[in-house]
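Coordinate inspection notes
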Amino acid sequence: MAVIVPMRQNMNGDRGRFTAKLAIPRTAVPVMPRPRMSTRLDQATAARVTLVRGPAGAGKTIACAEWAKEGAGRRRVGWLCTDRGDNEPTRLRACILGALGTEQAGAADGDVEGFLDRLTALVPRDGEPVYLVLDDVHEISAPAVLEDLDSLILHAPDTLRLILSGRRVPRLRHLARLRVSGELAEIDGAELACTAEECAQYCGVLGVSPEVGRVLFDHTRGWMAGIRLAGDSFLADYFRDEVLHDQTGSDRDFLLRTCVAGTLTGPLADVLTGGDDGARTLDRLSRETGFVERGDGGYRYHPLFRDLLLAEAERDLPEELPGLRVRAARWYAGEDRPREGLRCAVDAGDPELVTRLLRADRTRAAGKSDHEELEAGVREAGSEAARGTYAFLLGLAHLREGAVPQAREALRIADGALRSAPSPSILPGLRVRARAWRAVAEARYGALEAAVALTEPLSRGGRAAGRVPAGAEVRAVTVAALARVAWARDDLIGAKHLLDEDPRFEPFPGEPPVGEELAWLRARVLLAEGDVQGARAVSDGLDAEIALRIGDPDRAASALTLTGDPIVTGYLHLICDDPRAALRAVTERLDGAGTLPDRIGALLVAGCAHRRLGAADTATTCLGQALELAAAEEPIRVFLQGGQTVRSALTALTSPGPFRNRVLSRFDRQPAAVLTARPAPAGALTECELAVVRFLPSHMTNEEIADGLFLSVNTVKTHLRAAYRKLGVGSRRAAIAEAARRGLL
């Protein structure tokens, strides 16, 4: 016989708790209205059943509660916050009937038919829909209770709209049938996440600046709890209590061991956990947690979720983490994914493995602009050694592409991080390499004093003191930085003295070819001396400037189709008497983009162009700004490159001053461009030198040439230096061309 149990008896006398379970929640934290979510729930609840599924802190409860409150007076909404105690049929029936407005619970003997009869009396089969929200429905797992919910879905009046909100989809038998028939609507974590606009609004409610808000959005992917608690010590506690605690022991162990990898696959997960069901586990977690994202190439953990997992792993598995990272790095290497393996190897602090992966990644390191992994490494590195290594590699990549401001910033980060990191955790020689390449970046940027200061520690305690300098292995890079400084300040003798050193250099994987940098500088010095033919022989990257120097605008225009240098283009337009085109060419540089020489050069072009257009005041302003920008670093060459056009403008429109006067005096010492070839240095090539030169067109390495001639590598290099000197060249390409011209090949 069915026994009707009073509500207070069914709740063990705890009427207050029962009443709280049936109340639409009110939060103590700031809530931002999200009309988008209310509209979405309006649309979804046209179906018989709506699933609102997302991870802890996704905003499920708040979205449903705000929707229910907004509809007060327009619709009838019952609310039940379920918990683990509701895994008993009679209790849950009592709660559902209470949510729909009765003071009596269901049948105590488990008669589901009696329960449905009572529910039908509360929800008429005709009339307006009645809505029932079951919040935290993931807490329901008992088979008998799930059967009751299945019966409710199948046999409840058509006017009952059921909203099931929780972290996971309940194991209900009839959901698939509803999905096929179009009677099931679903709202997942992606829809619950804040949009960029909503995040900005929410940050305004929380008193967070727009700049910080943009960073938060990128890192949290719109996860509501992450946005609210970011930077708060409570975030880690919330994650531990609400997310990790919700996982089974085996799932928690799986997450902690696999979080060391960036992109996960089933086989990689098996390598890291020692199991054999990685693919199934990843698939299930992607559906259940909302923090495991499926994408191209595998699965990735939500960025903030991964950060918190790594912090937990550092606490629980400190001894295992390096080995897990090495396993992941080796797996990536075996799958021909060296860039992903590199991150794991750096985090593991394994110098040998890092070097091997860098060599495997040489193709990409030679010029591809895929910096995503390196930039993520700088942001997310777990140690200063790892952060410095990522920043160093990122800076080199930017340098190879000519992105000097970005390279300068990345190498600044690398230099600082590597100097503060403990020595055993750093790849051998990386500190001095980061410092040397940072000096090159500063010199290219035009920060000449900074470049000189950075090279000073690399030369301290030199060979004269009986010791090898600290930066001996990167002397070629240091020479490149100092020679650029000397050339920029029109110290051609100092630049030539440095470039004559010709130090040997063993490149680290990913480093730009320093030989090309040195050849470019040699060509610049030769051109500054008026030796056009010599500059052409040493480097083929100055054709446009050489053409302008000798008064051949057609050839300059042809060369600029390849290089597109805006400053040289501006001077070309001035030579062709088109000052407006000159201004258009340098507009971007006038806005502050690029290096200090770029900005100064653009101002000089603009000043000369405005002078041609009759705007003397504007021209004077531009020229004055150029002098002001240059006063501290004294990059004289950028003025001299403008030739008589710049000299005339400076003389006519600017007031005397120490730096301005020094620049004008240097114009008087500039040699005219010499088109005739330099006489070949005295002395014919020896038999050994000629033998080495004849190997050059084969593009064999010095080591391969040495093997072919049964000589040592150092002997081959000695013969090459002598041959270059006698041929009057500074590069392999130029040596091949000159030897061919002389009929030596």
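Let us look at the structure shown here. Since we're looking at a predicted model, the values are computed, not measured.

**Quick word on the pairing of strand 9 (residues 298-301)**
Moving residue by residue along a regular strand, the side chains alternate between the two faces of the sheet. Bridge analysis of strand 8 (residues 292-295) against strand 9 gives four bridges, and the strand direction is antiparallel. In the sheet register, V292 faces strand 9, and the bridge partner there is Y301. Between strand 8 and strand 9, which follow one another and run antiparallel, lie two residues, and G297 among them has a positive phi close to 85°.

**Topic: the nonpolar core**
One finds Y301, F392 and W437 to be the most contacted residues of the largest nonpolar core, which totals 95 residues. With 11 residues, helix 27 (residues 475-488) is the single largest residue contributor to this core. One finds L572, L604, I636 and F667 within the second-largest nonpolar core, a separate group that totals 37 residues.

**Some words on unusual backbone geometry**
Unusually for a residue other than glycine, D136 sits at a positive phi of about 55°. Positionally, D136 belongs in the loop between strand 5 (130-135) and helix 7 (143-155).

**Structural notes on the packing of aromatic side chains**
The final tally for this structure, using the stated rule, is six aromatic pairs. Seen from their ring centres, W67 and Y131 are 5.5 Å apart, and the 85° between their planes marks the pair as edge-to-face. One end of the pair, W67, is in helix 4 (residues 60-70); the other, Y131, is in strand 5, with 64 residues separating them in the sequence. For the pair W67 and Y131, one class covers both residues: buried. A network of ring pairs unites the aromatic residues F291, Y301 and F305 as a single cluster. Over the ring of Y445 we find R408, and its NZ or CZ is 3.9 Å from the ring centre.

**Things to note about the side chain of E340**
Here E340 is to be found in helix 19 (residues 338-348). For E340, the side chain forms a polar contact with the side chain of R337, separated by 2.7 Å. Not counting residues up to four positions away in its chain, the partners in contact with E340 are T263, Y332 and E373.

**Observations concerning the pattern of salt bridges**
Under the counting rule described, the total for this entry stands at 44 salt bridges. The partner of D83 in a salt bridge is K21, and the shortest N-O contact between them spans 3.1 Å. One end of the pair, D83, is in the loop between strand 3 (76-81) and helix 5 (89-99); the other, K21, is in helix 2 (residues 15-21), with 62 residues separating them in the sequence. Classification of K21 by relative accessible area gives buried; the value is 5%. Through salt bridges with shared partners, a single ionic network connects R408, D415, R419, R435, R438 and E442.

Quick notes on the rules
Residues numbered from 1 in each chain as written. Predicted model: local features only at pLDDT ≥ 70, side-chain atom pairs only at ≥ 80, totals over all residues. Heavy atoms only, no water. Pairing = 2+ DSSP bridges. Helix = DSSP H or I, 4+ residues; strand = E, 2+ residues; numbered from the N terminus. Core = buried A, V, L, I, M, F, W, Y, C linked by side-chain atoms within 4.5 Å. Buried < 20%, exposed > 50% of the residue type's maximum accessible area, 1.4 Å probe, protein only. Phe/Tyr/Trp six-rings, centres within 6.5 Å; stacked < 30°, edge-to-face > 60°. Lys NZ or Arg CZ within 6 Å of the ring centre and 35° of its normal. Polar contact = N/O pair within 3.5 Å; in protein donor to acceptor, adjacent residues only side chain to side chain. Contact = heavy atoms within 4.5 Å. Salt bridge = Lys/Arg side-chain N within 4 Å of Asp/Glu carboxyl O.

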